[in-house]
Amino acid sequence: MSIRHFLTLKDLSTAELEQIIQRGVELKDLHRKKQIFEPFKNQVLGMIFEKSSTRTRVSFEAGMVQLGGAAIFLSSRDTQLGRGEPIEDSARVLSRMVDIIMIRTYKQSVLDRFSEYSQVPVINALTDTYHPCQLLADMQTYYEMRGSIKGKTVTWIGDGNNMCNSYINAAAQFDFNLNIATPKGYEPLEALVKQHGERITIKQTPEEAVRNSDLVVTDVWASMGQESEIQDRAKIFRAYQISPQMMDLAHKDALFMHCLPAHRHEEVSEDMLDDPRSVVWDEAENRLHVQKALIEFLLTHSQ
Ligand code: CP
Ligand code: NVA
């Protein structure tokens, strides 16, 4: 057995991803029944954050404690990482001390390099390019609400960002069709779109994209690290706001998801998150359950 990492959705097979989602459902049930499940006593999760977080930090930390272990929050501001200690050295040192590590950083290449030098499993907790943990939660949420997503039509509206790239990977892994509507110049990774061209349809307008969808997803117009572009993007993306009226173009039983945090009056209308089709709070909660399943999978499948 070798070390298993989770740097993108493609690091696991479809069967493994589905197994983790089913396990997320089971662990959620155990949690609801207040049943103690502590298989990882004395095991430690290192959590490296170079960007802000609410959901990711709390779900990983609470999840590891619930599994019987402990978690250490490491912000680059307060560690030697922020003072220029090479990522390779940090990986070698930290992975001798903890059992599993999650990282939220800017470049995917930093995560890749860290994982090359780590002796323990490494989880991508968001980079500029991908956010695979969020996709696990989204897929669990869709499964719980509507059953299998296979063959369904999912629509991404807005910025072709880390979440959009992850939806492309998810389309390939979970076998669904993906409509994408972004403003010109804000498309997802070109190579990824080419690679999965057979299941992606680029649409010219958000209305055209949403029509007949089973799931509609959006995200902020300016991601972390793009703060200087906020005002320009607000103008460029104006037509891409999701509202209940926009959702009316989708299938009757369509769901709406957003990884959060959301900006009302920007990518979502004032009332969108409270619309009955919105499942954003369940989606956020599922980060906890499905990441516990992910930790369990990686720890039990790594040497
Ligand atoms: N969705 C998500 O990753 O949220 P945080 O930035 O709060 O962790
Ligand atoms: N695309 C957003 C997601 C935040 C969870 C960002 O990267 O800031």
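Above: the structure in question.
Figured I'd write up the structure that's included with this text. (Residues numbered from 1 in each chain as written. Chains lettered and ligands numbered in written order. Predicted model: local features only at pLDDT ≥ 70, side-chain atom pairs only at ≥ 80, totals over all residues. Heavy atoms only, no water.)

**A look at the side chain of Lys203**
Structurally, the position occupied by Lys203 is in the loop between strand S7 (200-202) and helix H8 (206-210). At 4.2 Å, Glu208 is the nearest oppositely charged side chain to Lys203, a buried residue that forms no salt bridge. Ignoring any residue separated from it by four or fewer positions in sequence, one finds Lys203 in contact with Asn179, Ile180, Ala181, Glu208 and Ala209. (Helix = DSSP H or I, 4+ residues; strand = E, 2+ residues; numbered from the N terminus. Buried < 20%, exposed > 50% of the residue type's maximum accessible area, 1.4 Å probe, protein only. Lys, Arg positive; Asp, Glu negative; His and termini not counted. Salt bridge = Lys/Arg side-chain N within 4 Å of Asp/Glu carboxyl O. Contact = heavy atoms within 4.5 Å.)

**Describing the pairing of strand S5 (residues 153-157)**
Along S5, 5 of the 5 residues are buried, which leaves the element largely enclosed by surrounding structure. Residues Thr153, Thr155 and Ile157 of S5 are buried on one face, and the alternating residues Val154 and Trp156, pointing to the opposite face, are buried as well. In this fold, the crossover linking S5 to strand S6 (residues 177-181) by way of helix H6 (residues 162-174) has right-handed handedness. (Right-handed = clockwise from strand over helix to strand, strands pointing away.)

**What to know about the sheet that holds S5**
Pairing is parallel in the open sheet, where 5 strands are placed in the order S7-S6-S5-S8-S9. The open sheet is flanked by S7 and strand S9 (255-258), the only strands paired with a single partner. On average, each strand axis in the sheet is inclined to that of its neighbour by 20°, with strand direction left out of account. (Pairing = 2+ DSSP bridges. Axes fitted to C-alpha atoms, helices over the stretch in contact; angles between N-to-C directions.)

**Examining the sheet that holds strand S1 (residues 44-49)**
Pairing within the open sheet is parallel, and its 4 strands lie in the order S2-S1-S3-S4. The strands lining the two open edges of the sheet, one partner per strand, are strand S2 (70-75) and strand S4 (122-124). In this sheet, neighbouring strand axes are inclined to one another by 20° on average, regardless of whether the strands run parallel or antiparallel. Where S1 meets strand S3 (residues 100-104), 5 bridges bridge the pair, whose relative direction is parallel. Following the sheet pairing, Ile48 is matched in S3 by Ile103. Docked against the sheet, helix H2 (residues 55-66) engages S1, S2, S3 and S4, running at close to 170° with respect to S1.

**Details of the packing of helix H1 (residues 14-32) against helix H5 (residues 132-146)**
Direction vectors running N to C along H1 and H5 enclose 70°, while the axes themselves pass 10 Å from each other. In this view, H1 runs roughly perpendicular relative to H5, as classed from their interaxial angle. Of the two possible hands of crossing, H1 and H5 adopt the one that is right-handed. Listed contacts from H5 to Leu17, Ile20, Ile21, Gln22, Gly24, Val25 and Lys28 of H1 are Leu136, Met139, Gln140, Tyr143 and Glu144. Each residue belonging to the contact of H1 with H5 can be placed in one class, and the counts come to 7 nonpolar, 3 polar and 2 charged. (Parallel < 35°, antiparallel > 145°, perpendicular 65-115°, else oblique. Left-handed = near helix turned anticlockwise from the far one by under 90°. Nonpolar A, V, L, I, M, F, W, Y, C, P; charged D, E, K, R; others polar.)

**Quick notes on the site of ligand 1**
Close to ligand 1 lie Ser53, Thr54, Arg55, Thr56, Arg104, His131, Gln134, Cys259, Leu260 and Arg287, which account for all nearby residues. His131 places a side-chain nitrogen or oxygen 2.9 Å from an oxygen atom of ligand 1. At 2.9 Å from a nitrogen atom of ligand 1 is found a main-chain nitrogen or oxygen belonging to Cys259. Contact with the protein chains hides 96% of the accessible area of ligand 1, taken as 260 Å² for the molecule alone. Tallied by class, residues from the shell around ligand 1 come to 2 nonpolar, 5 polar and 3 charged. (Near = heavy atom within 4 Å. Polar contact = N/O pair within 3.5 Å; in protein donor to acceptor, adjacent residues only side chain to side chain. Areas by Shrake-Rupley, 256 points an atom, 1.4 Å probe, with all protein chains shown as cover.)

**Comments concerning the site of ligand 2**
Every residue close to ligand 2 is listed here: Leu126, Asn161, Asn162, Asp219, Val220, Ser223, Met224, Cys259 and Leu260. For ligand 2, a nitrogen atom lies 3.4 Å from a polar atom in the side chain of Asn161. Take Ser223: an N or O atom from its side chain is 2.8 Å from a nitrogen atom of ligand 2. Considering ligand 2 on its own, with 270 Å² of exposed area, one finds that the protein chains cover 93% of that surface. A class-by-class count of the residues in the shell around ligand 2 yields 5 nonpolar, 3 polar and 1 charged.

**A closer look at the packing of H1 against helix H11 (residues 280-300)**
One can describe the packing of H1 onto H11 by two numbers: an axis separation of 8 Å at closest approach and a directional angle of 120°. Classed by the angle they form, the pair H1 and H11 counts as oblique. In this structure, the crossing between H1 and H11 has a hand that is right-handed. Listed contacts from H11 to Glu16, Gln19, Ile20, Ile21, Arg23, Gly24, Leu27, Lys28, His31 and Arg32 of H1 are Glu285, Asn286, Leu288, His289, Val290, Lys292, Ala293, Leu294, Glu296 and Phe297. Within the contact of H1 with H11, the residues separate by chemical class into 8 nonpolar, 5 polar and 7 charged.

**Description of the packing of aromatic side chains**
If you walk through the whole model with that rule in mind, you get 6 aromatic pairs. Plain terms: the ring middles of Phe49 and Phe73 are 5.4 Å apart, the flat faces sit at 35° to each other, and that makes the pair tilted. Here Phe49 is found in strand S1, whereas its partner Phe73 is found in strand S2, with 24 residues between them in sequence. Taken together, a centroid distance of 6.2 Å and an interplanar angle of 65° make the contact between Phe237 and Tyr240 edge-to-face. Judged by its relative accessible area of 0%, Phe237 falls in the buried class. By the ring-pair criterion, three or more aromatic residues cluster together here, those being Tyr186, Trp221, Phe237 and Tyr240. (Phe/Tyr/Trp six-rings, centres within 6.5 Å; stacked < 30°, edge-to-face > 60°.)

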